[in-house]
Protein chains: 2
Amino acid sequence: MEGDGTRPVAARTDGTLGPRVRRIRKDLGMTLAEVSQATGISISAISKIENDQVSPTFANLMRLAEGLDIPLGRLVSIDSEDRSGSARMTVTRAGDAKYRTTQSYDIWALCTNIQHKRMMPMVERVRSRDPDSADGMISHSGEEFVFVLKGAVAVHTEHYEPVRLEEGDSLYMDSQMAHTYTTLSQEDAEILMVWLSPAAQSSSDNTRMVESLLNRKS
Amino acid sequence: MEGDGTRPVAARTDGTLGPRVRRIRKDLGMTLAEVSQATGISISAISKIENDQVSPTFANLMRLAEGLDIPLGRLVSIDSEDRSGSARMTVTRAGDAKYRTTQSYDIWALCTNIQHKRMMPMVERVRSRDPDSADGMISHSGEEFVFVLKGAVAVHTEHYEPVRLEEGDSLYMDSQMAHTYTTLSQEDAEILMVWLSPAAQSSSDNTRMVESLLNRKS
DNA sequence: CTGGCGGTTTTCTGATACGACAAATATACG
DNA sequence: CGTATATTTGTCGTATCAGAAAACCGCCAG
């Protein structure tokens, strides 16, 4: 092992983990010593991790996530807290939502122009009245929350009896369970839906997933 | 292999990573050799990882995620799809939400009785009209989505000019940015808010966090 | 200039993950 | 049963990670 010029070069990681860890630590206003205290990892090890001089073991990644109080998945995922440059807030006016339509729904996707967004909020007008002739039952990953803005809808699922939701009622479900919505009121009902994708790391991912979900009949 | 004390004992990881990796591999119908091929990790190493005999380095975790075609965050996160036993859906009627009040808001937490929930939906009546005399600017982790149900509100943040939101308008923000809401309309405004905690793994966690956020003045 | 003093980086050494190979099982299938 | 395939286990050499301590780096006071 001739040390003839061979620098560490820090190629043992993707080169973003370290800076990400440092950023999180700084955001929490902690010193290396405090993180060491909180995680049980030595100061030097943390320093090397932050400088991408080592590829930490899974064990230490877990301890790090624990001590920094951040889910491990967030810690290691590439998306990072790097909000630099991108907007941290976006507003969508009542009429300005991004519109699209399917066989059974009119959909207005809200707040589409913010990056690194994990929830996908949208307003939907439910046009179908028959669970079978509709787009059909849809099953996808993640969780969804529904709040009835206007009218009344029925929620059809594979495991429960249909549920009637009136204005102001809300529902939260594991969206892996196949489901569909139909209007029960005279006028087409309107619901506010927020979908959370477990896998989604970026806004563009989410948007793509929504598109594919809406296009498949199932 | 005499059990003369020194056995691996597999305490170098949390004990769930290995089985999880194996499960994913099996689901994909791949052999160790194929995964080795796809990831560049040796067969023996993968075997040891799957049996929790080693704590893989971050570098190998990345290669593994890449080769198994799964987001790294999903690969390492504990959460798992184990929804067995608990309810997969819950409904909250318009009048039945869990109520509480603070100096500036009346809050109805929605869908509180479902486990493993990551989004925290709530309806808030905004009573304050002065951003300074209110509960004060609040900064917390995560993201929040707001939809105005009734009236008009102003959103005050540390980085942006106050934004006026009318009925039907919506907003999405990185809630680490300090913020507060005030009513602009004659009648107290009502908003639907969905908060996503990055750390939250379970409903109870979320509820506790909401409580502490609401109680601190800051 | 000099000497603390937090905070961080580097150095040094023991512990351990990794890769390659081989032998021992385990599993699947005819 | 055999045979083929897949997986586990063990060994060895190397790469490299973790931790302790020393060195380093502003920064500030005297």
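These numbers come from a predicted model, not from an experiment.

Undergrad: Which parts of the structure should I look at to understand the interface of chain B and chain A?
TA: Often the size quoted for an interface is simply the accessible area lost on bringing the parts together. Taken together, the contact between chain B and chain A spans 65 residues of the former and 65 residues of the latter. Taken together, the links from chain B to chain A amount to two salt bridges. Residue B:Asp169 pairs with A:Arg93 through a salt bridge whose shortest N-O separation is 2.7 Å. Taken together, the links from chain B to chain A amount to 20 residue pairs in polar contact (both at pLDDT 80 or more). In terms of residue class, the side of chain B that touches chain A is built from 34 nonpolar, 15 polar and 16 charged.

Undergrad: Would you explain the packing of helix H2 (residues 32–39) of chain B against helix H3 (residues 43–50) of chain B in this entry?
TA: A pair of packed helices can be characterised by two numbers: the angle between their axes and the separation between those axes. Residue and element names in this part refer to chain B. As a packed pair, H2 and H3 sit with axes 9 Å apart at the nearest point and diverge in direction by 110°. Here H2 lies roughly perpendicular to H3, going by the angle between them. Between H2 and H3, the contacting residues are Leu-32, Ala-33, Val-35, Ser-36 and Thr-39 on the first element and Ile-43, Ile-46, Ser-47 and Glu-50 on the second. Across the contact of H2 with H3, the residue classes tally to five nonpolar, three polar and one charged.

Undergrad: Would you explain the protein's contact with DNA strand D in this entry?
TA: Residues in close proximity to DNA strand D total 23 residues, the closest being A:Lys48, A:Asn60, B:Arg22, B:Arg25 and B:Leu32. In the environment of DNA strand D, a phosphate oxygen lies 2.9 Å from a nitrogen or oxygen atom belonging to the backbone of B:Leu32. The contact in question runs from a phosphate oxygen of DNA strand D to an N or O atom on the side chain of B:Gln53, over 2.9 Å. Looking at the surface near DNA strand D, the elements that each hand over two or more residues are helix H3 (43–50) and helix H4 (58–68) of chain A together with helix H1 (17–27) of chain B. For the surface near DNA strand D, the class distribution of residues is six nonpolar, eleven polar and six charged.

Undergrad: So what exactly am I meant to see when it comes to H2(B) here?
TA: For an α-helix, the turn length of 3.6 residues means that residues three or four places apart are oriented alike. When H2(B) is considered as a whole, its buried residues turn out to be B:Val35, B:Ser36 and B:Thr39. Down the axis of H2(B), the smallest arc covering the buried residues is 105°, so these residues share one side.

Undergrad: Looking at this structure, I do not really get the side chain of A:Thr92. What am I missing?
TA: Tracing the chain through its elements places A:Thr92 in strand E1 (residues 89–92). For A:Thr92, the side chain forms a polar contact with the main-chain nitrogen of A:Cys111, separated by 2.8 Å. Leave out the neighbours within four places in its chain, and A:Thr92 touches A:Ala97, A:Leu110, A:Cys111, B:Asp169 and B:Ser170.

Undergrad: Just checking my understanding: could you explain the relation of the copies chain B and chain A for this structure?
TA: Copy one and copy two of the chain differ by a rotation about a common axis and a shift along it. At an RMSD of 2.3 Å, chain B and chain A line up after a rotation of 178° and a shift of 1.7 Å along the axis. These values place the two chain copies in the arrangement generated by a two-fold rotation axis. Relative to the rotation axis, the C-alpha of B:Thr57 is the closest in chain B, positioned 2.1 Å from it. Most of the interface of chain B is mirrored in chain A, where 98% of its interface residues again form contacts.

Undergrad: Explain the packing of aromatic side chains here, please?
TA: In this description, a pair of aromatic rings is defined by centroid distance and the angle of the planes. All names here are of chain A. Tallied over the entire structure, the rule returns two aromatic pairs over all chains. Seen from their ring centres, Tyr-99 and Trp-108 are 5.3 Å apart, and the 50° between their planes marks the pair as tilted. Residue Tyr-99 is classed as partly exposed on the basis of its relative accessible area, which comes to 45%.

Undergrad: Explain the pairing of strand E6 (residues 153–157) of chain A here, please?
TA: Walk down a regular strand and you will see the side chains alternate between the two sheet faces. Residues and elements named next belong to chain A. Buried residues dominate E6, accounting for five of its five residues. Side chains Val-153, Val-155 and Thr-157 of E6 all project onto a buried face; the interleaved residues Ala-154 and His-156 project onto the opposite face, where all are buried too. Relative to strand E9 (residues 179–183), E6 runs antiparallel, the two sharing five bridges. Bridging from a neighbouring strand, Val-153 pairs with Thr-183 of E9. As paired elements, E6 and strand E7 (residues 163–165) share three bridges and run antiparallel to each other.

Undergrad: Please clarify how the pattern of salt bridges should be interpreted in this entry.
TA: When charged atoms on two side chains of opposite charge get close, those side chains can pair. Within the structure shown, the criterion is met by 16 salt bridges over all chains. The salt bridge partner of B:Lys150 is B:Glu190, with a shortest N-O separation of 3.7 Å. Placement of the pair is B:Lys150 in strand E5 (residues 143–150) and B:Glu190 in strand E10 (residues 189–196), with a sequence separation of 40 residues. Where salt bridges share partners, they join A:Arg22, A:Arg25 and A:Glu50 into one cluster.

Undergrad: Explain the environment of A:Pro19 here, please?
TA: You can see A:Pro19 is positioned in helix H1 (residues 17–27). Filtering out sequence-adjacent residues up to four positions away, A:Pro19 remains in contact with A:Glu50 and A:Asp52.

Undergrad: Where do I start with the sheet that holds strand E6 (residues 153–157) of chain B in this structure?
TA: Within a beta sheet, neighbouring strands are joined by backbone hydrogen bonds and run either parallel or antiparallel to one another. Residues and elements named next belong to chain B. The three strands lie next to each other as E7-E6-E9, forming an open sheet whose pairing is antiparallel. Lying at the two open borders of the sheet, with one neighbouring strand each, are strand E7 (163–165) and strand E9 (179–183). Across the sheet, the mean angle from the axis of one strand to that of its neighbour is 25°, orientation sign disregarded.

Undergrad: So what exactly am I meant to see when it comes to unusual backbone geometry here?
TA: Most of the time, phi is negative for any residue but glycine, and the peptide bond is trans. Residues and elements named next belong to chain A. Positive phi, normally seen in glycine, also occurs at Asp-52, with a value near 55°. The class of Asp-52 is buried, set by a relative accessible area of 7%. Phi at Asp-69 is positive, roughly 55°, even though this residue is not glycine. Looking at where Asp-69 falls in the secondary structure, it is placed in the loop between H4 and helix H5 (72–76). Judged by its relative accessible area of 59%, Asp-69 falls in the exposed class.

Undergrad: What should I look at first to understand the confidence of the model for chain A in this one?
TA: Close reading of the predicted structure is inappropriate where its pLDDT is low. Residues and elements named next belong to chain A. Confidence along chain A averages 78 in pLDDT terms, with 76% of residues attaining 70 or more. Within chain A, the lowest mean pLDDT, 50, falls on helix H6 (residues 203–215), and the highest, 93, falls on strand E10 (residues 189–196). Residue range residues 199–204 is modelled with pLDDT below 50. Its contacts to residues more than four positions away, or to other chains, number 13 contacts. Segment residues 214–218 is flagged for pLDDT under 50; beyond a separation of four residues in sequence, or across chains, it makes ten contacts in the model.

Undergrad: Looking at this structure, I do not really get the pairing of strand E4 (residues 119–126) of chain B. What am I missing?
TA: All names here are of chain B. Counting buried positions along E4 yields seven of eight residues, so the element is predominantly enclosed. Pairing geometry for strand E3 (residues 105–109) and E4, over five bridges, is antiparallel. Along E4, the bridge assignment pairs Asp-106 with Arg-125. Pairing of E4 with E10 involves eight bridges; the strand directions are antiparallel. Across the sheet, Pro-121 pairs through a bridge with Val-194, a residue of E10.

How each quantity is defined
Residues numbered from 1 in each chain as written. Chains lettered and ligands numbered in written order. Predicted model: local features only at pLDDT ≥ 70, side-chain atom pairs only at ≥ 80, totals over all residues. Heavy atoms only, no water. Contact = heavy atoms within 4.5 Å. Salt bridge = Lys/Arg side-chain N within 4 Å of Asp/Glu carboxyl O. Polar contact = N/O pair within 3.5 Å; in protein donor to acceptor, adjacent residues only side chain to side chain. Nonpolar A, V, L, I, M, F, W, Y, C, P; charged D, E, K, R; others polar. Axes fitted to C-alpha atoms, helices over the stretch in contact; angles between N-to-C directions. Helix = DSSP H or I, 4+ residues; strand = E, 2+ residues; numbered from the N terminus. Parallel < 35°, antiparallel > 145°, perpendicular 65-115°, else oblique. Near = heavy atom within 4 Å. Buried < 20%, exposed > 50% of the residue type's maximum accessible area, 1.4 Å probe, protein only. Arc of directions from axis to C-beta. Least-squares fit on C-alpha atoms with pLDDT ≥ 70 in both. Phe/Tyr/Trp six-rings, centres within 6.5 Å; stacked < 30°, edge-to-face > 60°. Pairing = 2+ DSSP bridges. pLDDT = per-residue confidence, 0-100.

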